[in-house]
Amino acid sequence: LPLLLEATLLRLASGSHHPFYNGFYYNHVMNDKGNGQEKDVYFNGARLVVETPKDPIYSSNGANVTLPCHYHYEPYQEAKRKIRIKWSKLRDDYTKEQDVLVAIGKTHMAFGDFKGRAHLHQASQREASLVISDVHLQDEGKYRCEVIDGLEDESDVVDLQLQGIVFPYQPPRGQYSLNYHEAERVCQEQGAILATFNQLFQAWSEGLDWCNAGWLADGTVQYPIRLPRKPCGGLHLAPGIRSYGPRHRHLHRFDAFCFSSALRGEVFYLDHPAGMTLEEAKQSCQDAGAEIARVGHLYSAWK
């Protein structure tokens, strides 16, 4: 047995044998200098390249949006196998992915909330673009387009941003009465979701100035200040987003910053000389072929 093993190793070490072939040739795994520095590994002598737009793609609630993604080989070659395409939605910290869609050839499957709303757009031979129908507020974020050819796996990221409005919300029972989960619920009741930091920062850059602190989607509590003043942290602090950092989602109570998509329609005022109760106002709006406005509608109309 030792002699047989030694003979086998000698035959493998000789330069006369052919490399093992399993559908791919592994080229240049290590460089020739023997210093341990790795080189790129290309299969079949070609590199797979995946390309997506570097600028964000903008959309709005209820619209349809296409996230472009294309791939090719350098140098050019025809694909010899069915390509597998996978789309995932990333967390802001890239620690977790949500499956959106996988496809092989003409067969594809969407997952979770994307079922019935996500499919591939393949107008050209090397296209792997994702179409999302009836865009939801929760769809905003970064998406990974991954192309898999045998053992090669390359990807790139598309940033989907929704056009909309951030508005502070304080419930009828008063200031600082919401824990995180209650803040999520009241935003949903307003046809909105808790805003992200990026959405709040964008609103601040467009002029939002609000002294009360509110929950954001990541569980932090912050507030935007354009004009420093004593009741809002003091005169000595610069304008910007003031942060209390992460707070306990059950115990601590603040207001909420909600995000809703841009207004579709218009807000108009119904005047009644004697005034109206809430139920009378709702009925009057229905009689006018409308619905009573939410807080987000009013902020969107004001903006």
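Please refer to the structure placed before this passage.
Note that this is a predicted model, so its numbers are computed, not measured.

Draft legend 1. Spotlight on the sheet that holds strand 13 (residues 152-162). Read from one edge of the open sheet, 6 strands run 4-13-12-7-8-9, paired in mixed fashion. In the strand order of this sheet, the two ends are held by strand 4 (57-59) and strand 9 (107-110), each with one partner. Between one strand axis and the next, the sheet turns through 25° on average, direction left out of account. Pairing between strand 7 (residues 84-90) and strand 12 (residues 141-149): 7 bridges, direction antiparallel.

Draft legend 2. Representation of the state of the cysteines. Going through the model one piece at a time under the given rule, you end up with 3 disulfides. Paired through a disulfide, Cys-187 and Cys-258 show a sulfur-sulfur distance of 2.1 Å. Measuring handedness by torsion sign, the sulfur bridge of Cys-187 and Cys-258 sits at about -80° and is left-handed. Residue Cys-187 is found in helix 2 (residues 180-189), and its partner Cys-258 is found in strand 19 (residues 255-261); the two are separated by 71 residues along the sequence. Residues Cys-187 and Cys-258 agree in their burial class; the two are buried. For Cys-211, the disulfide goes to Cys-232, at an S-S distance of 1.9 Å. On the S-S bond that ties Cys-211 to Cys-232, the torsion sits near -125°, and the link is left-handed. One end of the pair, Cys-211, is in the loop between helix 3 (197-205) and strand 16 (214-215); the other, Cys-232, is in the loop between strand 17 (220-225) and strand 18 (240-246), and 21 residues separate them in sequence. What makes Cys-232 buried here is its relative accessible area of 2%. Each bonded cysteine of the protein is numbered by sequence order, and under that numbering the disulfide pairs are 1-2, 3-6, 4-5.

Calculation criteria
Residues numbered from 1 in each chain as written. Predicted model: local features only at pLDDT ≥ 70, side-chain atom pairs only at ≥ 80, totals over all residues. Heavy atoms only, no water. Pairing = 2+ DSSP bridges. Helix = DSSP H or I, 4+ residues; strand = E, 2+ residues; numbered from the N terminus. Axes fitted to C-alpha atoms, helices over the stretch in contact; angles between N-to-C directions. Disulfide = S-S within 2.5 Å. Buried < 20%, exposed > 50% of the residue type's maximum accessible area, 1.4 Å probe, protein only.

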